[in-house]
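Next come the chains, spelled out residue by residue.
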Amino acid sequence: RLLSGYKPKSNVQDSYRILELQEGCSLDDIRNSYRNLAKKYHPDSGSATADTEAFMKVEEAYRIALDDVANKKKCAEDEEEDQFKSKSLQHRHYLSFEGVGFGMPSQRQRQYMQFRVDRAAEQVLEYRKQRLEGQSAVTDLMKAKDVRQSKKVKITQAMERLVEDLIQESMAKGDFDNLSGKGKPLQKFSDCPHIDPMTHNLNRILIDNGYQPEWILMQKEIRETIEQLRKGIVASRNKLGGPMTPYREKQWSRVCEQFTEDIQKLNKRIDSFNLVVPLLSRQMVHFNAAREIARAQKTYEALAE
């Protein structure tokens, strides 16, 4: 963060003084001085003289010195080019090496290779800086997550204490004295070993005191209603007997019409149930009035036989 927020000041003389060099030195001298000072002041070097601010000043001075040397070389090349422009032609090898270096092609190649090494070192330094910034951001995020988790635990514990205090207060007031089965031992569940007896007892206590979910009550009501309708239509068919006269056929038609209306009302109740049931597998399908009437007819015929 310090490196990214640092703004360099262009002072060539101070830069050479920080690098412990004199103006007009060679490019190799600048690089060697920068390496020695980086080993001495870099925060990751592990040396006793490591200093972040001193390293930033050294890096700033190194960049300014490189720019100064490059500008001087460029000016010298421009003057030489202007001097011999009319006498010599532009050769192909001066167009390579990204415009880095001067002199013969072999010299330019060596200078370009050194330039690539320096550029790679700068890229590695930039990558390490970005990685350290990313690690610090991840650390801050983990700390914030731990704080949120601790707050959640504290809230849960506070709620548990509050509920326990309310239960004790209600017990002291006698609000639990009117419960059914007071003073009697809790009956265990069936012999099925896969069901927790404590969970079953808690559910049974809630059911006995009217704390059933809405969809459970609606499902129970729908099943009881369809059973009553089925028994009612079978009973009506038994009263009419057989074979039916035209008058009894009219009565049977009226019974079937009333049964169809009751089935339609029950199907609307099923629609409401499907909207509140929490599980998709618990939803119910509509009842078919014609199918139920045919079923009642078959039941009557079986009883008659």
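Residues numbered from 1 in each chain as written. Predicted model: local features only at pLDDT ≥ 70, side-chain atom pairs only at ≥ 80, totals over all residues. Heavy atoms only, no water.

(A) Broad picture of the overall build of the chain. Check the secondary structure of the chain and you find 9 helices and 0 strands. The secondary structure elements of the chain, listed N-terminal to C-terminal, are α-α-α-α-α-α-α-α-α. Going through the 305 residues of the chain one by one, you find that 22% of them count as buried. Contacts spanning at least 24 positions in sequence make up 56% of the contacts within the chain whose residues lie at least 6 apart. (Helix = DSSP H or I, 4+ residues; strand = E, 2+ residues; numbered from the N terminus. Buried < 20%, exposed > 50% of the residue type's maximum accessible area, 1.4 Å probe, protein only. Contact = heavy atoms within 4.5 Å.)

(B) Spotlight on the pattern of salt bridges. Taken as a whole and judged by the stated rule, the model has 11 salt bridges. The residue Glu59 makes a salt bridge to Arg63 at a minimum N-O spacing of 2.9 Å. In this pair, Glu59 and Arg63 both sit in helix α4 (residues 52–83), 4 residues apart, roughly one turn of the helix. When salt bridges that share partners are traced, they join Asp28, Arg31, Arg35 and Asp118 into one network. (Salt bridge = Lys/Arg side-chain N within 4 Å of Asp/Glu carboxyl O.)

(C) A look at unusual backbone geometry. In this structure, Glu20 is a non-glycine residue whose phi angle is positive, near 60°. Its place among the elements puts Glu20 in the loop between α2 (12–18) and α3 (27–41). On the basis of relative accessibility, which here comes to 62%, the residue Glu20 falls in the exposed class.

(D) A look at the nonpolar core. By size, the foremost hydrophobic cluster in this structure holds 21 residues, and its most contacted members are Ile222, Ile233, Ile263, Phe273 and Phe287. Contributing elements (two or more residues each) for this core: α7 (214–240), α8 (246–276) and α9 (289–304). Here the element with the most residues in this core is α7; it accounts for 8 residues. Once residues lying within four places of it in the same chain are set aside, the contact partners of Ile233 are Trp252, Val255, Phe259, Ile293 and Ala296. Ranked by size, the runner-up nonpolar core spans 17 residues in total, among them Tyr16, Ile30, Leu37 and Val58. (Core = buried A, V, L, I, M, F, W, Y, C linked by side-chain atoms within 4.5 Å.)

None of this, on its own, says anything about what the molecule does.
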